[in-house]
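The residues making up each chain are set out below.
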Amino acid sequence: MSSFDVVTVGSAVIDHIYSLSNLPKPDGGAFAREHTTDVGGVAANVASGLSEFGNKTGIITRVGGDDVAETEADLHARDIDCSRIQVGSEESSYTLILRGPDGERMIVAGGQSIPNLRLDARDIEYASDASVVFTSAYAPDEVVSRLVTARERQEISTLVFDLAGPLSELEGRGTTPETIDRLLSVVDLFVVGEVAARSYFGGTDEAIATLTQQNVSRAAITQGSNGARLLEGDTVTDIPAFEVDVTDTTGAGDTFTAGLIHTWLLNDCATRSAGRFAAATAALNCTELGARGNLPSESDVKEFLEMR
């Protein structure tokens with residue numbers, strides 16, 4: 001029996017969230033009405049969502065010494081195992097999240113702790129003790145490549161990958177196209193947003209065609225307010241988004257992924273049911289400020305779905 005339900009690998013960062021009067025255009029300006037900080041990052045967000053559902057969750061990440069206490073305290077409070085957090089002397093990775101009045105946002109990343117993340121044999125052993133291992137394209141190429149090798153060798157049993165950004169954004173700091181090509185032959189759940197899908201595949205339809213040809217067993221193409229398309233084998237299921245009063249869309253994709261892992265992989269739910277659960281999870285999180293502003297419990301999501 002696995003010690004963990006899920007181990008996430010990649011980014012835990014400090015989010016600096018600015019609520020602006022408007023999202024500025026080039027050479028334009030805006031006024032910051034509010035500024036808050038929180039722990040974020042794809043790996044931390046997905047781990048937090050899964051822990052809220054009652055899963056035993058661990059994380060492999062790297063932070064600078066200046067932010068390790070805040071990061072560990074936050075993740076420990078969410079019942080996430082932090083024993084494989086690396087601490088470096090470099091500046092911690094961070095994001096500047098600029099949020100407009102309608103909930104849309106712009107994100108700028110910086111800091112060197114996540115680009116410096118590497119995995120050793122003890123990290124692979126730790127990950128192999130989980131039912132599911134999750135990572136994203138924001139993890140360094142060396143990290144994702146090592147996890148792909150571990151999946152090829154069956155050292156880890158189930159690998160989930162989120163192509164979280166377009167290739168231009170990943171260049172020099174994240175996963176390379178060559179590693180993504182290699183990953184497609186072993187990944188158990190491939191998640192991609194429509195912007196990243198255009199960058200790597202050429203578009204949503206092209207993504208579905210390629211993933212089908214590569215025999216990827218399960219995939220999700222997220223489309224924001226237009227919902228998501230889930231692929232299982234050669235069957236495509238369209239999942240509509242739920243309408244809610246949106247405060248902030250930051251982290252919606254990460255919470256969708258957490259909901260999908262919880263239902264589709266850990267509990268083997270039917271595709272449509274898993275998709276609706278994931279979409280409801282994302283919708284609920286959009287009703288509060290921050291990437292983890294309103295992480296729902298499983299009962300919260302089920303109650304929300306019963307009302308729809």
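Residues numbered from 1 in each chain as written. Predicted model: local features only at pLDDT ≥ 70, side-chain atom pairs only at ≥ 80, totals over all residues. Heavy atoms only, no water.

- If you check an unreviewed UniProt entry, the chain appears there as Ribokinase from Haloferax larsenii.
- Taken verbatim from the UniProt record of the chain, the Sequence similarities (unreviewed entry) comment is "Belongs to the carbohydrate kinase PfkB family." (UniProt positions renumbered as here; feature names shortened; annotations may be inferred.)

## Overview of the sheet that holds strand 3 (residues 32–40)
Phase 1: Spatially, the four strands line up as an open sheet ordered 3-2-6-7, and their pairing is mixed. Only two strands of the sheet have a single partner each, and these edge strands are strand 3 and strand 7 (105–110). Each adjacent strand pair in this sheet contributes to an overall mean axis angle of 20°, direction not counted.
Phase 2: Pairing of strand 2 (residues 13–20) with strand 6 (residues 94–99), which is carried by six bridges, proceeds in the parallel orientation. Following the sheet pairing, Y18 is matched in strand 6 by L98.
Phase 3: Across the sheet, helix 2 (residues 68–77) is in contact with strand 2 and strand 3; its angle to strand 3 comes to roughly 75°. (Pairing = 2+ DSSP bridges. Helix = DSSP H or I, 4+ residues; strand = E, 2+ residues; numbered from the N terminus. Axes fitted to C-alpha atoms, helices over the stretch in contact; angles between N-to-C directions. Contact = heavy atoms within 4.5 Å.)

## Quick word on a negative patch on the surface
Phase 1: A cluster of like negative charges, contributed by E52, D300, E303 and E306, occupies part of the molecular surface.
Phase 2: Here the negative patch gets three residues from one element, more than from any other, and that element is helix 11 (residues 298–306).
Phase 3: Accessibility expressed as a relative area gives 37% for D300, which makes it partly exposed. (Patch = residues over 30% accessible without salt bridge, like charges linked within 9 Å, V, L, I, M, F, W, Y side chains within 5 Å. Areas by Shrake-Rupley, 256 points an atom, 1.4 Å probe, with all protein chains shown as cover. Salt bridge = Lys/Arg side-chain N within 4 Å of Asp/Glu carboxyl O. Lys, Arg positive; Asp, Glu negative; His and termini not counted. Charge placed at Lys NZ, Arg CZ, Asp CG, Glu CD. Buried < 20%, exposed > 50% of the residue type's maximum accessible area, 1.4 Å probe, protein only.)

## Details of the packing of helix 10 (residues 271–285) against helix 11
Phase 1: Between helix 10 and helix 11, the shortest axis-to-axis distance is 9 Å and the interhelical angle comes to 100°. It follows from the interaxial angle that helix 10 and helix 11 lie roughly perpendicular. Here R276, F277, A280, T281, A283 and L284 of helix 10 lie close against helix 11, whose contacting residues are E298, D300, V301, F304 and L305. (Parallel < 35°, antiparallel > 145°, perpendicular 65-115°, else oblique.)

## A closer look at the nonpolar core
Phase 1: Among the nonpolar cores identified, the biggest contains 76 residues, and F161, L163, F190, L211, F256, L260 and I261 are the most heavily contacted of them.
Phase 2: Of the residues forming this core, the biggest block, eight residues, is contributed by helix 10.
Phase 3: Among all residues touching L211, those that are not within four sequence positions of it are L184, F190, F201, V216, A219, I221 and L231.
Phase 4: In this structure, A12, A43, A47 and V68 belong to the second largest nonpolar core, which totals 13 residues. (Core = buried A, V, L, I, M, F, W, Y, C linked by side-chain atoms within 4.5 Å.)

## Observations concerning the pattern of salt bridges
Phase 1: Following the criterion strictly, the structure yields 16 salt bridges and no others.
Phase 2: Residue D188 pairs with R151 through a salt bridge whose shortest N-O separation is 2.9 Å. Of this pair, D188 sits in the loop between helix 6 (177–183) and strand 10 (189–193) while R151 sits in helix 4 (residues 141–152), placing them 37 residues apart in sequence. Judged on exposure class, the residue D188 and its partner R151 are both buried.
Phase 3: Here D205 makes a salt bridge to R229, at a shortest N to O gap of 3.5 Å. Taken together, the residues D205 in helix 8 (residues 204–213) and R229 in strand 12 (residues 228–232) connect sequence positions 24 residues apart.
Phase 4: Overlapping salt bridges bring together D38, D74, R78 and R292 as one network.

## A closer look at the packing of aromatic side chains
Phase 1: Using the criterion set out here, one finds six aromatic pairs in the structure.
Phase 2: Ring centres of F161 and F190 lie 5.7 Å apart, and the angle between their planes is 40°; on these two criteria the pair is classed as tilted. Here F161, found in strand 9 (residues 159–163), pairs with F190, found in strand 10; they are 29 residues apart in sequence, far enough to count as distant. The pair F161 / F190 is uniform in exposure class, with both members buried.
Phase 3: A centroid spacing of 4.6 Å and a plane angle of 80° characterise the contact between Y200 and F201, whose relative ring orientation is edge-to-face. Considered together, Y200 and F201 belong to a single accessibility category, that of buried residues.
Phase 4: Through pairs of rings, three or more aromatic residues link up here, namely F161, F190, Y200 and F201. (Phe/Tyr/Trp six-rings, centres within 6.5 Å; stacked < 30°, edge-to-face > 60°.)

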